[in-house]
Amino acid sequence: MGVTVHTRVNGQPIEREIEARQLLVYFLRDELGLTGTHVGCDTSQCGACTVWLDGRAVKSCTVLAAQVDEHEVTTVEGLAETVPEAQRIEGLHPVQAGFWEKHGLQCGFCTPGMMMTAAELLANSERLSQQEIREALEGNICRCTGYQDIVDAVAFAAEKMGVSVERDVTASI
Amino acid sequence: MIPAAFDYYRAKSIQEAFFAKQQAGADAKWIAGGHSLLPMMKLRLATPPALIDINEIDGLSGIRLQADGLVIGALTHHAEIAHSEEVVRTWPLLAQAAGLIGDRQVRNRGTIGGNLAHADPASDLPAVALALEATLVAEGPSGRREIPASEFFVGPMTTALSDDELLTQVRFPVPSGKVGSFYCKYPHPASGYAVVGVAAVAQLGPDGKFQAVRVGVTGVGMWAYRAETTEKELVGKLPTQENIASAAQHAVDETDVSQDLFASEQYRTHLAALYTVKALQAAVQAIQ
Ligand SMILES: Cc1cc2nc3c(=O)[nH]c(=O)nc-3n(C[C@H](O)[C@H](O)[C@H](O)COP(=O)(O)OP(=O)(O)OC[C@H]3O[C@@H](n4cnc5c(N)ncnc54)[C@H](O)[C@@H]3O)c2cc1C
Ligand code: FES
Ligand code: FES
C-alpha cells in the first residue's frame, strides 16, 4: 500500500510516496541518500540508526517512515544546525568536535548514532555526571572504543555547551 | 529486515480509529510507539494485514494529577513518565520503573498504553499497574469501560481488551496514609527486559505494623501477577527483615515459573523471593 509522507528532514520539507512498510532508516538512506544514519543490528538493539524525531533520539529502524508524516526528523547530517552558530566549532556540533578531539571513534560505525543520542542528552540537560552520560548511551553499542573516549567526548561537548559535568570516581574505573 | 506488506491507516480521532478498524478487520492492529510490534513484524512473528496508527489522536497523551487519581494517557512515552514531577511525587516507583525500561531511545518512543496492552511477560509496567491497583480505561465502538489491573492481564501476551478496543488512559489512585513504594528489577543483561521485576507498595498503621501490602511481579511467569500469599502473610505484622523474608518465600505461589536459556526455574524462583524482599524493604524505608 502506498502512503504519502510530508515531513521535514534537517529543516528541508520533503514529500514522498512510499510503501507503508518502509522503515524510517531506509527512507533516510535509500530515498533521501542520507547515509550518515547507519543500520547495525536492525533489531532495535545497537542504536547505530539513532536520529531525532521532533527533537527526541529514537531508533529509526523501529519507526515507520509513514509515522513521521507532519513531524520533524534530524539526522547526523543536520546535527550542527541544531546549535547556534556561536556554539559550533569549525562548523561542527560540539559533540562532533568532541569525538574528534577525544578520539571518540575507531571504525566509526556506531558514531552517528552515538552522537545523536549524546547531543539529545546535552540539549536536555543542565548538569550531568559521567555516570549519567554512560546511562544515556546505554542503547548505543560500540565494538571498538571501550566507551571511555566516547564519554570523554561527550563531557568535552558538555563543557562547550555550558552543561556542567561532575567527575565521579567510580565511573572512570 | 522488512515487515510483510500491510495497509496503513492514520487515525486523527478515536472515531476514525474505530472506523478504520471496522473496515480493516479483526486481524488489523493498533500501532503506538511500535517498539514491541515492529520488532515482531520485522521478524515476521506478527504479520497483521493492516496497521491503524493511533499516534495522531488528540488527547491520548499527557499526565494529570486529578482528585480521582494520577491519570496518564495511553500514548504517553516512558521518558515523560520517568521525568514527570507529578509522577515522582505521587508514585515514585512508577517513574522509577518507566526509567528502567530499555534505553533512552526506547523510552522516548515506547508508550505506557502499548506496554500494558502488549503484556509481554517480561515488561516492567504490568507489575507496577498491579501493585498500584491501577484502573485501565478502554474505549470501543460500543462505549467506554474501566478495567481493574487485577482483571487486565489474563494470559501470555493476552489482556482483557477486545480486538476493537483502545486503551485510552491509565488511572492510578493517589496514596493516602503512611505509604512507601519501590520497584526492583533484575534486567536481562542483553535485552534489558525484566528477568524478575517486583513492584511493592507498603502501608504502615499507627502501630507500626503493615496495614496494607501489595506486590506486583513480572518476568517470572507467562504474565504479571499479584503475590497475594506474600501480601496476606505480612498484613498485621511488623516490617522486620525476618517477617519480610519469610513472606517472600511465597513470591511465586500465584504463578507457574518460566525457564529459558538465561534463567532456570530454580534461579527465577530464587530471584523472585530475593527481589520481593528488596522491593518490600525499600518500600518500607521510603515511608520514613
Ligand atoms: C530494545 C528494546 C528494549 C525494551 N526493553 C524493555 C524493558 O526493559 N521493559 C519493558 O517493559 N519494555 C521494554 N521494551 C518494550 C517497550 O516498552 C515498548 O515500547 C512497549 O512494550 C510497547 O509500547 P509501544 O507504544 O511501542 O507499543 P506498540 O509496539 O505500538 O504496540 C504493542 C501492542 O499493543 C497494542 N497497542 C498499542 N497501544 C495500544 C492502545 N492504546 N490500546 C490498545 N492496544 C494498543 C498494539 O496493537 C500492539 O499489539 C523494549 C523495547 C525495545 C525495542
Ligand atoms: S539498527 Fe536500529 S538499533 Fe541497531
Ligand atoms: S567506533 Fe567502531 S563500533 Fe564504535
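Residues numbered from 1 in each chain as written. Chains lettered and ligands numbered in written order. Predicted model: local features only at pLDDT ≥ 70, side-chain atom pairs only at ≥ 80, totals over all residues. Heavy atoms only, no water.

Side note on the site of ligand 1
Next up, step 1: Looking at ligand 1, there are 32 residues lining it, with B:W30, B:G34, B:H35, B:T111 and B:D124 nearest.
Next up, step 2: Neighbouring residues of ligand 1 are distributed over chains A and B.
Next up, step 3: A distance of 3.0 Å separates an oxygen atom of ligand 1 from a polar backbone atom of B:G102.
Next up, step 4: A distance of 2.6 Å is found between an oxygen atom of ligand 1 and a side-chain nitrogen or oxygen belonging to B:T111.
Next up, step 5: Relative to its unbound accessible surface of 960 Å², ligand 1 loses 96% to contact with the protein.
Next up, step 6: For the shell around ligand 1, the secondary structure elements donating two or more residues are β2 (29-31), α7 (112-118) and β10 (166-172) of chain B.
Next up, step 7: Looking at the shell around ligand 1 residue by residue, the class counts come to 13 nonpolar, 15 polar and 4 charged. (Near = heavy atom within 4 Å. Polar contact = N/O pair within 3.5 Å; in protein donor to acceptor, adjacent residues only side chain to side chain. Areas by Shrake-Rupley, 256 points an atom, 1.4 Å probe, with all protein chains shown as cover. Helix = DSSP H or I, 4+ residues; strand = E, 2+ residues; numbered from the N terminus. Nonpolar A, V, L, I, M, F, W, Y, C, P; charged D, E, K, R; others polar.)

Things to note about the domain arrangement of chain A
Much of the literature gives interface size as the accessible area that the parts lose upon coming together.
Residue and element names in this part refer to chain A.
Next up, step 1: By the assigned domains, chain A splits into domain 1 (3-78) and domain 2 (80-166).
Next up, step 2: Spacing between the C-alpha centres of domain 1 and domain 2 amounts to 21 Å.
Next up, step 3: Counting from both sides, the interface comprises 20 residues of domain 1 and, opposite them, 17 residues of domain 2.
Next up, step 4: Both faces considered, domain 1 and domain 2 share a buried interface measuring about 1400 Å² in area, 59% of it formed by carbon and sulfur atoms.
Next up, step 5: On the domain 1 side of the contact with domain 2, H38, W52 and V76 bury the most area, a combined 36% of that side's loss.
Next up, step 6: Taken together, the connections running from domain 1 to domain 2 amount to 1 salt bridge.
Next up, step 7: In this structure, R56 and E120 form a salt bridge, with 3.4 Å as the shortest nitrogen-oxygen distance.
Next up, step 8: On the surface where domain 1 and domain 2 come into contact, there are 9 residue pairs in polar contact (both at pLDDT 80 or more). (Domains from an automatic or database assignment. Contact = heavy atoms within 4.5 Å. Buried area = accessible area lost by both parts, 1.4 Å probe. Salt bridge = Lys/Arg side-chain N within 4 Å of Asp/Glu carboxyl O.)

Quick notes on the nonpolar core
Residues and elements named next belong to chain B.
Next up, step 1: The biggest cluster of nonpolar side chains holds 40 residues, and the ones touching the most others in it are I72, L94, L116 and F172.
Next up, step 2: In this view, L94 contacts L70, I72, I81, V87, L125, V128, L132 and F172; residues no more than four positions away in its chain are not counted.
Next up, step 3: Counting residues in hydrophobic clusters, the runner-up holds 31 residues, among them V196, V198, F210 and A248. (Core = buried A, V, L, I, M, F, W, Y, C linked by side-chain atoms within 4.5 Å. Buried < 20%, exposed > 50% of the residue type's maximum accessible area, 1.4 Å probe, protein only.)

Quick look at the interface of chain B and chain A
Next up, step 1: Every contact between the two is made by 30 residues of chain B and, on the other side, 34 residues of chain A.
Next up, step 2: For the pair chain B and chain A, the summed buried surface comes to about 2600 Å²; carbon and sulfur atoms form 52% of the total.
Next up, step 3: For the pair chain B and chain A, the interface holds 4 salt bridges.
Next up, step 4: Note that B:R104 and A:E120 form a salt bridge whose closest N and O atoms lie 2.4 Å from each other.
Next up, step 5: Residue assignment for the side of chain B that touches chain A shows that the elements contributing at least two residues are β1 (7-10), α2 (37-42), β3 (50-53) and α6 (104-109) of chain B.
Next up, step 6: Looking at the side of chain B that touches chain A element by element, the count peaks at 5 residues for α6(B).

Some points on a nonpolar patch on the surface
Next up, step 1: Together, B:M1, B:L43 and B:L45 make up an exposed nonpolar region whose accessible area comes to about 300 Å².
Next up, step 2: Look at B:M1 and you get partly exposed, because its relative accessible area is 34%. (Patch = residues over 30% accessible without salt bridge, like charges linked within 9 Å, V, L, I, M, F, W, Y side chains within 5 Å.)

A look at the sheet that holds strand β3 (residues 50-53) of chain A
Residues and elements named next belong to chain A.
Next up, step 1: Spatially, the 5 strands line up as an open sheet ordered β2-β1-β5-β3-β4, and their pairing is mixed. With partners counted over all chains shown, the strands left at the sheet margins are β2 (12-19) and β4 (56-59), one partner each. Put simply, the sheet's adjacent strands are angled 40 degrees from each other on average, direction ignored.
Next up, step 2: Two strands pair when backbone bridges link them, and β3 and strand β5 (residues 72-74) are joined in this way by 2 bridges, in the antiparallel orientation. In the strand pairing of β5, L53 is matched with V73. (Pairing = 2+ DSSP bridges. Axes fitted to C-alpha atoms, helices over the stretch in contact; angles between N-to-C directions.)

Topic: the pattern of salt bridges
Next up, step 1: Scanning the entire structure with this criterion turns up 17 salt bridges over all chains.
Next up, step 2: The partner of A:R127 in a salt bridge is A:E166, with the nearest N and O atoms 3.1 Å apart. With A:R127 in strand β6 (residues 127-129) and A:E166 in strand β7 (residues 164-166), this pair connects stretches of sequence that are 39 residues apart.
Next up, step 3: Each member of the salt-bridge network shares a partner with another, and the members are B:D68, B:R144, B:E146 and B:R171.

Points about unusual backbone geometry
All names here are of chain B.
Next up, step 1: Of note, the phi angle at A119 is positive, near 50 degrees, even though the residue is not glycine.
Next up, step 2: One can find A119 in the loop between α7 and α8 (125-131).
Next up, step 3: Assessed through its relative accessible area of 3%, A119 is described here as buried.

A short note on the packing of aromatic side chains
Residue and element names in this part refer to chain B.
Next up, step 1: Summed over the entire model, instances satisfying the criterion amount to 5 aromatic pairs over all chains.
Next up, step 2: Plain terms: the ring middles of Y186 and Y275 are 5.9 Å apart, the flat faces sit at 80 degrees to each other, and that makes the pair edge-to-face. Here the residue Y186 occupies a position in strand β11 (residues 178-187), and Y275 occupies one in helix α12 (residues 265-287), the gap between them amounting to 89 residues. (Phe/Tyr/Trp six-rings, centres within 6.5 Å; stacked < 30°, edge-to-face > 60°.)

Overview of helix α1 (residues 14-24) of chain B
All names here are of chain B.
Next up, step 1: Along α1, the residues that are buried comprise I14, A17, F18, A20 and K21. Projected onto a plane normal to the axis of α1, the buried residues spread over an arc of 160 degrees and lie on a single side. Opposite the buried face of α1, at more than 90 degrees from it, the exposed residues are Q15, F19, Q22 and Q23.
Next up, step 2: The first or second residue beyond α1 is G25, which carries a positive phi of 95 degrees. (Arc of directions from axis to C-beta.)

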